[in-house]
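The lines below spell out each chain.
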Amino acid sequence: MLDIRLLREQTDDVKAQLGRAGVEPAAVDAVLAYDEQRRTLLKEVEALKATRNAVSKEIGKMKDAAARDTKIAEMRGVGDRIAELDRQVAQVEEQQRMAILELRNLPHPSVPDGPDEDHNVVIAQEGQPRAFDFTPKPHWELGEQLGIIDFERGVKISGSRFYVLKGLGAKLQRAVIQWLLDLHGRQGYTEVYTPFVVKEETVWASGQLPKFRDNLYRDVEDDLWLVPTAEVPVTSLHRDEIIDAAQLPLHYCAYTPCFRREKMSAGRDVRGIKRGHQFDKVEMYKFVHPDTSYAELEKLRADAEECCRLLGIPFRTKALCTGDLGFAATKTYDVEMWAPGQSEWLEVSSCSNVEAFQARRANARFRPEPGARPEFVHTLNGSGLGMPRTIIAIMENYQQANGSIAVPEVLRPYMGGIDVIG
RNA sequence: GGGGAGGUCGCAUAGUGGCCUAGUGCGCGGCACUGGAAAUGCCGUAGGGGGGCAACCUCCUCGUGGGUUCAAAUCCCACCCUCCCCGCCA
């Protein structure tokens, strides 16, 4: 959520910045119109309430019954008017809230312009794609041949876009998760284990609602939502809290499964395990002082890149352009691993600064100085890493001529010493 | 799931329709006293919204949301959460 004061005071600037991401200026004007209405109504109703409060106090002290009854009758009318105005205020406030919640975050000035993902800018690339003396296979072939991915039974159990990992495939994923969590611990992140189903307000706080309603699974009975990313529960860790400034920055990492209906991506990436309704992810998340959030973004990106580097897989990093930037983000780096089997760069991490966008929704604040007014923190999130794609990259990069898969060095301790699958 | 108790300022508690502009103690901050400290005394200690150049004025919040009333922490309704007992059960 954007700051209503910013919209009021720097209207043209906000419109210009939103315009870079394709948002019509009218969307801003709509919010401001509601805001204007709201403040007009507030002035009137509050004056009436002040009167009523004062007169009610007098009534309590009055001895003269007749004068008293006159005042009571008078206040009855005022009360009716207040009730009517309160209704209007509530309605306008709700309309304003909905309108402002639909507004995306402002792109940072350093974000390149561009209409879509083809205009993202590669800013770093590391590791040489391996030279194969045989034709590398895509992971779905390797997985079936080795008996570590079972697509058919996944579909039997839960339908399309579900799969089963089996034997060393399941163990490999568990090893990667474990290794990543340990690595992030060394990088200074505190591991948290959160609920995987959350209340509706938790999904609002991180910005997935109202925009992505169709992409979420939900239990109607208890109104609990399955998390689409750890970002959702972790954002709400400090919801409605005022954090001691000395505690910042707070760095968390969390493993969760992620559940996505993928209604918007129907038909894309149907082959293999790249895009499923359920996948595992280790997420990094930061609550930081606003002055430091862009420096923290660079560190976040470096931490994600380190994961790829240590796994020994070629990767590149892109700065997303305005047209590809997510709803909540001011600036985003995507980290992609090379998958030689399907000849594709796979997004394994997306590192974003969202500034106060989520913090404002979540009401997560800090006190800059003792006694000072609380301010919103800045939050950042980045995968470290997304599971199925990391697994794909490992399988395809480490495959051998005989169809077996070597286990990356760093994972071997987590695989009980197993150094090859197959 | 059934029964009971309870949710008030950072913590603990008082408050059963107008004297609540929510009191008191503790904690915290400042000042005074002191060679310095302890003790003591004084002052201050929530968040948000609106108005105003400002000083300041004002509205809302006593778990949440409704309702009754001129007036609600206080009365009524619904819901949420915590604790205890019983039942069931990974």
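Attention in this report is confined to the structure presented alongside it. Quick caveat: nothing in here was measured; it's all calculated off a predicted structure.

On to the overall build of chain A. Within chain A, the secondary structure is distributed over 12 helices and 18 strands. Considering only C-alpha atoms, chain A reaches an extent of 100 × 45 × 45 Å along its principal axes. Counting the 422 residues in chain A, one finds 49% classified as buried. Restricting to contacts in chain A with at least 6 residues of sequence separation, those with at least 24 account for 73%. In the form shown here, chain A has an accessible surface area of approximately 19800 Å², with 49% of it arising from carbon and sulfur atoms. One way to put it: in chain A the 55 positive side-chain charges average out to a point 3 Å from where the 64 negative ones average out.

Our focus in this paragraph is the protein's contact with RNA strand B. Around RNA strand B, the structure places 23 residues, and the nearest of them are Arg8, Glu46, Ser56, Arg76 and Arg365. A share of 74% is what sugar and phosphate atoms reach among the atoms of RNA strand B within 4 Å of the protein. Measuring from a sugar or linking oxygen of RNA strand B, one finds a side-chain N or O atom of Arg38 at 3.1 Å. One nitrogen or oxygen atom from the main chain of Ser56 is found 2.5 Å from a base nitrogen belonging to RNA strand B. Those elements giving two or more residues to the surface near RNA strand B turn out to be α1 (4-9), α3 (25-61), α4 (65-101) and β14 (364-367). With 13 residues, α3 is the single largest residue contributor to the surface near RNA strand B. Looking at the surface near RNA strand B residue by residue, the class counts come to six nonpolar, three polar and 14 charged.

Pairing between side chains becomes possible if they bear opposite charge and their charged atoms approach one another. Per the counting criterion, the structure on display carries 27 salt bridges. A salt bridge links Arg309 to Glu126, with the shortest nitrogen-to-oxygen separation between them at 2.6 Å. On the criterion of sequence distance, the pair formed by Arg309 in helix α10 (residues 293-311) and Glu126 in strand β1 (residues 121-126) is long-range, its members being 183 residues apart. Overall, the relative accessible area of 35% leaves Arg309 in the partly exposed class. Relative accessible area serves as the criterion here: at 32%, Glu126 is assigned to the partly exposed category. Between Glu296 and Lys299 there is a salt bridge, and its shortest N-O distance comes to 3.8 Å. Separated by three residues within a single helix, Glu296 and Lys299 lie in helix α10, roughly one turn from each other. Counted as one network, the salt bridges with shared partners bring together Arg8, Asp35, Glu36, Arg38, Arg39 and Glu93.

Interhelical geometry of helix α5 (residues 139-146) versus helix α12 (residues 387-397) gives an angle of 80 degrees and a closest axis separation of 9 Å. If you check the angle between α5 and α12, you find them roughly perpendicular. Judged by residue contacts, His139, Leu142 and Gly143 of α5 engage Ile392, Met395 and Glu396 from α12. Looking at the contact of α5 with α12 residue by residue, the classes come out as three nonpolar, two polar and one charged.

Turning our attention to the packing of aromatic side chains. Across all of its chains, the model carries seven aromatic pairs by this definition. Relative to Phe134, the ring of Phe132 has its centre 5.3 Å away and its plane inclined at 85 degrees; by these criteria the two rings are edge-to-face. Measuring from ring centre to ring centre gives 5.6 Å for Phe327 and Phe357, while their planes differ by 80 degrees; the resulting arrangement is edge-to-face. Here the residue Phe327 occupies a position in the loop between β11 (315-319) and β12 (331-339), and Phe357 occupies one in helix α11 (residues 357-362), the gap between them amounting to 30 residues. Residue Phe327 shares its accessibility class with Phe357, and that shared class is buried. Following the ring pairs from residue to residue traces out a cluster consisting of Phe212, Phe327 and Phe357. Taking NZ or CZ as reference, Arg97 lies 5.3 Å from the ring centre of Trp204, over its face.

In this section: the sheet that holds strand β15 (residues 375-376). In sheet architecture, strand pairing relies on hydrogen bonds along the backbone and comes in two forms, parallel and antiparallel. Across the sheet, which stays open at both edges, the three strands sit in the order β8-β14-β15 with mixed pairing between neighbours. Strands at the two margins of the open sheet, each flanked by one partner only, are β8 (241-244) and β15. Sheet analysis places β14 next to β15, joined by two bridges and oriented antiparallel. When the sheet's bridge partners are listed, Arg365 is paired in β15 with Phe376.

A few words on α12. In terms of burial, α12 is a largely internal element, 11 of the 11 residues being buried. Where α12 is concerned, the buried positions are Met387, Pro388, Arg389, Thr390, Ile391, Ile392, Ala393, Ile394, Met395, Glu396 and Asn397.

At a minimum axis distance of 11 Å, the contact between helix α7 (residues 168-186) and α10 shows a crossing angle of 125 degrees. Of the possible angle classes, the one that applies to α7 and α10 is oblique. For the element pair α7 and α10, the recorded crossing hand is right-handed. Facing α7, whose interface residues are Trp179, Leu180, Leu183 and His184, α10 presents Cys307, Leu310 and Leu311. Among the residues forming the contact of α7 with α10, the class breakdown is six nonpolar, one polar and no charged.

Rules used in this analysis
- Per chain, residues are indexed from 1 in the order of the written sequence.
- Each chain gets a letter, beginning with A, and each ligand a number, beginning with 1, in the order they are written.
- Restriction of local features to residues with pLDDT of at least 70 applies here, the model being predicted, together with a cutoff of 80 or more for giving and counting side-chain atom pairs; totals for whole chains, interfaces and linings are based on all residues.
- Neither water nor hydrogens contribute to the side-chain values; these are computed over all heavy atoms in the structure.
- To qualify as a helix, a DSSP run of H or I must reach at least 4 residues; to qualify as a strand, a run of E must reach at least 2; elements of each kind are numbered from the N terminus.
- The classification of residues rests on relative accessible area computed with a 1.4 Å probe and restricted to protein chains. Under 20% of the type maximum is buried, over 50% is exposed, and intermediate values are partly exposed.
- We call two residues in contact when some of their heavy atoms are within 4.5 Å.
- Surface accessibility follows the Shrake-Rupley procedure with a 1.4 Å probe radius. Residue values consider only the protein chains on display as shielding.
- Counting rule applied: Lys, Arg positive; Asp, Glu negative; His and chain ends not counted.
- To locate a charge, take NZ of a lysine, CZ of an arginine, CG of an aspartate or CD of a glutamate.
- The criterion for a residue being near a molecule or strand is simple. One of its heavy atoms has to lie within 4 Å of it.
- The term polar contact refers here to a pair of N or O atoms within 3.5 Å; inside protein, the definition further demands a hydrogen-donor-capable atom paired with an acceptor-capable atom, and it admits residues adjacent in sequence only when both atoms are side-chain atoms.
- Gly is put with the polar residues, along with every residue not named as nonpolar or charged; the nonpolar set is Ala, Val, Leu, Ile, Met, Phe, Trp, Tyr, Cys and Pro, and the charged set is Asp, Glu, Lys and Arg.
- Definition used for salt bridges: Asp or Glu carboxyl oxygen within 4 Å of a side-chain nitrogen of Lys or Arg.
- Here, axes are lines fitted to C-alpha atoms. For helices the fit covers the stretch in contact, and angles between N-to-C directions go from 0 to 180 degrees.
- In what follows, roughly perpendicular refers to angles from 65 to 115 degrees, roughly parallel to angles under 35, roughly antiparallel to angles over 145, and oblique to any angle outside these ranges.
- The aromatic pairing rule takes the rings of Phe, Tyr and Trp, using the six-membered ring of Trp, and pairs them if the centres are within 6.5 Å, calling planes under 30 degrees apart stacked, those over 60 edge-to-face and the rest tilted.
- Remark: a charge is flagged as sitting over a ring if the NZ atom of Lys or the CZ atom of Arg is within 6 Å of the ring centre and within 35 degrees of the ring normal.
- At least two bridges found by DSSP between two strands are what make those strands a pair.
- In this scheme, a crossing is called left-handed if the near helix is turned counterclockwise away from the far one by less than a right angle; it is called right-handed if the turn is clockwise.

The values reported here are purely geometric and, on their own, carry no functional implication.
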